[in-house]
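Coordinates in review
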Amino acid sequence: MIARLLILIARGWQIGPSRILPPTCRYSPSCSAYAITALSRYGAIKGGWLATKRLLRCHPWGGHGHDPVP
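Residues numbered from 1 in each chain as written. Predicted model: local features only at pLDDT ≥ 70, side-chain atom pairs only at ≥ 80, totals over all residues. Heavy atoms only, no water.

Quick note on the threshold: UniProt positions are given in the numbering used here, feature names are shortened, and annotations may be inferred rather than shown by experiment.
Under an unreviewed UniProt entry, the name given to the protein chain is Putative membrane protein insertion efficiency factor, and the source organism is Sphingopyxis bauzanensis. Listed in UniProt under the heading Subcellular location (unreviewed entry), the comment for the protein chain reads: "Cell membrane". UniProt's Sequence similarities (unreviewed entry) comment on the protein chain is quoted here verbatim: "Belongs to the UPF0161 family."

Structural data, given as structure tokens:
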């Protein structure tokens with residue numbers, strides 16, 4: 001139930017602000033797609049933790065490239 005709510009928030013980001021803002025993704029797949037996959041695969045707790053870790057890595061001094069959900 002909580003995972004579904006978090007997935008809806010990520011999809012809302014994809015449909016709304018993400019389309020208006022310029023693309024700045026450092027990773028492939030994007031953080032929102034990563035979060036949706038992680039939440040679908042692992043649930044709210046572990047998937048949420050993986051998505052949070054990914055968001056924290058997304059900064060100018062962080063990595064880049066292909067980073068799939070484990």
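Now, onward.
1. Structural notes on unusual backbone geometry
How we decide: Numbering goes from the N terminus for both helices and strands, where a helix is a DSSP run of H or I of at least four residues and a strand is a run of E of at least two.
The residue after Ser-28, namely Pro-29, is reached through a cis peptide bond having omega 0°. Among the structural elements, Pro-29 can be located in the loop between strand E1 (27–28) and helix H3 (31–57).

2. Some thoughts on the pattern of salt bridges
The condition is simple: Salt bridges are defined as contacts in which a side-chain nitrogen from Lys or Arg sits within 4 Å of a carboxyl oxygen from Asp or Glu. When accessible area is computed with a 1.4 Å probe and restricted to protein chains, residues below 20% of their type maximum are described as buried, those above 50% as exposed, and intermediate ones as partly exposed.
This structure, assessed with the given rule, holds 2 salt bridges. Between Arg-54 and Asp-67 there is a salt bridge, with the nearest N and O atoms lying 3.7 Å from each other. Taken together, the positions of Arg-54 in helix H3 and Asp-67 in the segment after strand E2 (65–66) put the pair 13 residues apart, joining distant regions of the chain. Its relative accessible area of 0% is what places Arg-54 among the buried residues. Among the residues examined, Asp-67 registers a relative accessible area of 18% and is labelled buried. One salt bridge in this structure joins Arg-57 and Asp-67, with 2.4 Å as the shortest N-O distance. In this pair, Arg-57 sits in helix H3 while Asp-67 sits in the segment after E2, placing the two residues 10 residues apart along the sequence. Linked through salt bridges whose partners overlap, the residues forming this network are Arg-54, Arg-57 and Asp-67.

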